[in-house]
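So the chains spell out like this:
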Amino acid sequence: MRRPLRAHGIAAVALLLALLLTGCTVLASDPTIRPGLDVRRAAPERELQVAPPGPRRDATPEQIVRDFIQALAGSGGDFVSAREFLTDAAARTWSPDARTVIFRRTVQVAPIDATSPADGAADEPAGTTEGSDEEGTEGKPEAQVPLPDAEAENPSDSDQAPSARPQDLPPLDEDDLVLRLSAAAWAEVGRDGRFRELPQDTTMTSDIVLTQEQGEWRIRHLESGFGRWIGTADFDRVFDTYAVHYVYRADRLLIPDVRFIPTDRVATRLAQLQLGAVPDYLSPAVRDDIPPGARLAVGAVPIVGGVATVDLTGGEFGADPEARRRIWAQFVATLVQVRGVDRVQITLDGNPLEIPGLESIRSLADLEFPSTAASAPTTPPLVRQGVFMREFSTRPQTSENDVAPTPPRAAGLPAVDERWHDLALSFTGGELAGVSGDTLSRWRNRFRYEVPRFATDLGRPCYDSQDVLWIGGTGQLVRERLFYVNAAASPVDPLRSRAMPVGSGWLTGRRVLACQVSPQGTRIALISDAGEGTPSRLDIGTIMREANGLPTTVIGPQPIAEQFAVVRDMVWLGETSLALLGQTRVNAAILAREGTQPDTADTGDDATTGDGSTGGESTEPAGSPDNGDAAPSQEPDEPEAEVDASSADGAAEDPVPDPLAGERGVLPYLITVGGRTTALPVILGGDRITTTGGERDLVIRTTDETVYVRSGSQWLPAQDQGRDVVVAIR
């Protein structure tokens, strides 16, 4: 009985093995190797989307407007929730990207009498920007609307008296309601992504028309160009900085132009900006090979497997391989900034935009374009101690009694008499330049050479990476305000090494106080004023050069520090950012109201305090009162007590502590070429700023000629002290 069972078991096992072997044979019958999952690359992380709620049932008109503003802070780009607050007609005409207004803390909502103008009210254009007056706005009947707390109620909204007459409204129906939206705005971003900080006390206003649909209030009219209004924190969350690139006409270089764009559909937005017009402040210094009328064929840039595909249509794309190479370089440099993009593919109506001789384009190197990061000079920084130029160490002092060893003298450089100031060092470190009165001198091979007189009111000189020495001054002709010297030429050659004017008509009537050329030599930052006692400003110009690298013209201006009343010094940190010493208009106004504002043109007085502002919300000054040997970043030196004539004994009174001591005056900031500022750790009395590398390597000299280096969130006295710290091409 058991033998048949065993036989059946053996047969079953044999059958099972046969089936398995047959299955293996079938699986192995196709020898083709097929791709599986890419284990080397993770899928790009999906951005965290913020979807605010839609309208509440039975919401009041004020609640509808308030919740609509909160919905504008949503991310994702479709604004589904925000459009639910609008009628169908208003939703079709509203363009969220038309403009972005960035406001501080709260907005205000007040009813408007749409039937007749208020007494004494003047007509106001749509989207009015006003300079607020504290006395005029005090007690104004407007409802404070806290954001982003959508649930906060303001029972006084409905009790507000009508405000000024409405702005640019359509014909109104009997049951329509008009509300005025207003906020203290500090910046705005245009459709083109250009960021602009607004003057102090700017009040943005906009009138909104509401109507009832099926018993619920909805917005039926927004002013043309309304766009979106968001608070500072939301702006930092849903916007980011990117660069659109343009090809420099004088060389195979790319000039980055900073834009602020929402973080949704980034590749598509950047491609559309790249197809847009060249900014006036860059043209004609850059090439424009993208033909007019070119656009995205499908209105989007898909990203698949790390490849961003730009399918173009329209326009007449020529067959010039160099023009195609430049177009490719622009899109590659711009789109590889996007997270998840490793490569770029450009097509024309679905067909590859080919460059003869190039089968595969993966990077700028394949196109023979360098990255925008220029090579740093290898010359060590120098410090002037007495009359000798010595190598400068960026190490801070370890203690108050620390006695630093005398640094070695710089090879090949002579002693420099102290009457020469504002020294500059060439890219190779083999030449110095300095100013004394109206004389510019160059030091080379231990000898000093005077540049033949060419101007008065000389500013601070600078070198660039192409062996050109720049300096501002007032020339014989009214348009001569900026000059260059061919530093590659021997200083003993009076013809080749004389100062020559650079075309810069936009500087007419101004006095150039300082200059700094960007690391790759395509842009120049200029501090200028209109004469003694006038405010200074910072502008950026684009340099046009001859084939030999000598400049001919500076195109401009591109103002980037309009929120500053004083700009004392600046230094490039890269192609898109600078560090500066300056005083904001907010601080200047505070000091002026208190009667303590120093002369804005006097760069010799010690700075006192700063607001630590990033352009939006005020922040506490960095550093700590217990800094030990750190820079005076909190309180200025205690002034000498004055005799109070009204006191009986004439004794000096103790000075009253100033609670704003850490929040005013000339302070260090970071600023992008796009114009956004960020406060650096506070230091008082800053007079000159430079860097031996980047943002973390900044060096500041104060008005008492003490040198400080940055150490995290504070400034510490440098180990090597001296009158001037000089860094090559800085």
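Since we're looking at a predicted model, the values are computed, not measured.

### So, the overall build of the chain
Along its length, the chain carries nine helices and 38 strands. Within the chain, the proportion of its 730 residues that are buried is 49%. Taking the contacts inside the chain whose residues are at least 6 apart along the sequence as the reference set, 63% of them involve residues at least 24 apart. With the model as given, the accessible surface of the chain reaches about 34,600 Å², and the carbon-plus-sulfur share is 51%.

### Quick notes on empty space enclosed by the protein
In the structure shown here, the tally under the stated rule is one cavity of 30 Å³ or more. Contributing to the lining of the largest cavity are 24 residues, with Leu423, Asp569, Arg688, Ile689 and Val725 lying nearest its centre. Within the lining of the largest cavity, the residues separate by chemical class into 14 nonpolar, two polar and eight charged.

### Notes on a negative patch on the surface
On the surface, a cluster of negative charge is made up of Asp417, Glu418, Asp704 and Glu705. Relative to the elements of secondary structure, Asp704 occurs in the loop between β35 (698-702) and β36 (707-711). Accessibility expressed as a relative area gives 52% for Asp704, which makes it exposed.

### What to know about the confidence of the model for the chain
When pLDDT is averaged across the chain, the result is 80; 74% of the residues are at 70 or more. Segment residues 598-628: pLDDT under 50, and 94 contacts once partners within four positions in sequence are set aside and those in other chains are kept. Across residues 633-663, where pLDDT falls below 50, the model places 45 contacts with residues more than four positions away in sequence or in other chains.

### Observations concerning the packing of helix α7 (residues 266-274) against helix α8 (residues 321-335)
Remark: α7 packs on α8, axes separated minimally by 10 Å, with the N-to-C direction vectors making an angle of 145 degrees. Every pair of crossing elements has a handedness; the one defined by α7 and α8 is right-handed. Between α7, through Ala267, Leu270, Ala271 and Gln274, and α8, the contact on the second element is made entirely by Gln330, Phe331, Thr334 and Leu335. Broken down by class, the residue content of the contact of α7 with α8 amounts to five nonpolar, three polar and no charged.

Definitions and cut-offs
Residues numbered from 1 in each chain as written. Predicted model: local features only at pLDDT ≥ 70, side-chain atom pairs only at ≥ 80, totals over all residues. Heavy atoms only, no water. Helix = DSSP H or I, 4+ residues; strand = E, 2+ residues; numbered from the N terminus. Buried < 20%, exposed > 50% of the residue type's maximum accessible area, 1.4 Å probe, protein only. Contact = heavy atoms within 4.5 Å. Areas by Shrake-Rupley, 256 points an atom, 1.4 Å probe, with all protein chains shown as cover. 1 Å grid on protein atoms, 1.4 Å probe; cavity = no way out; pocket = protein on both sides within 12 Å on 5 of 7 lines; lining within 4 Å. Points joined across faces, edges and corners; volume = space filled by probe spheres on them. Nonpolar A, V, L, I, M, F, W, Y, C, P; charged D, E, K, R; others polar. Patch = residues over 30% accessible without salt bridge, like charges linked within 9 Å, V, L, I, M, F, W, Y side chains within 5 Å. Salt bridge = Lys/Arg side-chain N within 4 Å of Asp/Glu carboxyl O. Lys, Arg positive; Asp, Glu negative; His and termini not counted. Charge placed at Lys NZ, Arg CZ, Asp CG, Glu CD. pLDDT = per-residue confidence, 0-100. Axes fitted to C-alpha atoms, helices over the stretch in contact; angles between N-to-C directions. Left-handed = near helix turned anticlockwise from the far one by under 90°.

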